[in-house]
Amino acid sequence: MPIIDKKSVLSGLKVRDAMRRIATHLHKQASINEAAKLLIKFRINSLLIVDANDEVIGVVSKTNIMGAYYAGIPIETPLEAIMMPSPVLCSPEDTLESALDLMRTHKVHRVFVTGDDPKQASGVLAYYDICGLLYRYCHKCERNVARPRASVSDSSMADALRVHEVMTPSVFFNREDESIMTIMEGLEANNVGAVLILSREGQPVGVVSKTDLLMAYKRGISPEDPAKSIMNSPVRSCDYDDPLVLVIREMVFADVQRLFIHRETSANIVGVLSLSDAARIRSGSCRACLSSRIEVTDGP
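These lines cover the structure that appears in this document, whether it is placed above or below. Everything numeric in this text was worked out from a predicted model, so none of it was measured. (Residues numbered from 1 in each chain as written. Predicted model: local features only at pLDDT ≥ 70, side-chain atom pairs only at ≥ 80, totals over all residues. Heavy atoms only, no water.)

Helix and strand counts for the chain come out as nine helices and 13 strands. Here the chain holds 300 residues, and the buried ones make up 47% of them. Within the chain, contacts between residues at least 6 apart in sequence are counted, and of these 62% link residues at least 24 apart. Just so you have it, the chain exposes about 14700 Å², and 50% of that area is on carbon and sulfur atoms. (Helix = DSSP H or I, 4+ residues; strand = E, 2+ residues; numbered from the N terminus. Buried < 20%, exposed > 50% of the residue type's maximum accessible area, 1.4 Å probe, protein only. Contact = heavy atoms within 4.5 Å. Areas by Shrake-Rupley, 256 points an atom, 1.4 Å probe, with all protein chains shown as cover.)

Read across the sheet, three strands follow the order 8-9-10 without closing on themselves; strand pairing throughout is mixed. Strands with a single pairing partner mark the edges of an open sheet, and in this sheet they are strand 8 (173-175) and strand 10 (204-209). Adjacent strand axes in the sheet meet at a mean angle of 35°, parallel and antiparallel pairs treated alike. Across five bridges, the pairing between strand 9 (residues 194-198) and strand 10 is antiparallel. Counterpart to Ile-197 in the pairing with strand 10 is Gly-206. (Pairing = 2+ DSSP bridges. Axes fitted to C-alpha atoms, helices over the stretch in contact; angles between N-to-C directions.)

Take a look at the structure:
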């Protein structure tokens, strides 16, 4: 990894500095079941679909498989029946700024990286990878509030970004007795990766993610079954005022893509923080490198 001046943490970085140098793929005749197995095993959100010449012809994501589950498509159906054509591609020599622009423009959480042959992929770049890169730089920064307390100044604490400055302040939820089909409709309509599950009394009792839906599909669970039959509990959350760098560290090392945000009590969920949110802020911990953040404007 190149040495970057701390005042311009991300300036000059290329896709190759953050990408993972492997892109999981399956042949177009492989089954939905095989794809779901790989997505769950490797904790990834999508994989490439290739033809007999190993050339990329499409992509299948958790969302595509969730749609097949919702539609009642048999899980042994070939992937070519549900794949999306033309995955979003970039070059390892592209800047991170341009790759992030691609992700934002196409409303995707990852881009695939081409190899020497532009029809084949050599890696993948996701928000998770960018957050990991940000964390590595911020971890070494003298202003990092995660350092031993003796070395953290008052100015560092003042500079520290807090979770509530970055989080998405809206939380989508369903009741535990609503059907899995209703859950899928909500995830698709709101374009989110997980939904908070509330008890009949309105208390947060679990979470259903797209991974949970893939597992339910593989196990043959009926979409008419209640959400509580597949939800994960308890709800994993952090405090509204926690330093962002500590929460990013927890997410990166625990390999989770989102945390719900509570305020005052764990039952009072007021937002959600995803790795996408953290990557868009362009700083892993504080305002010290505010001027060097990658500027990304809201799309139309």
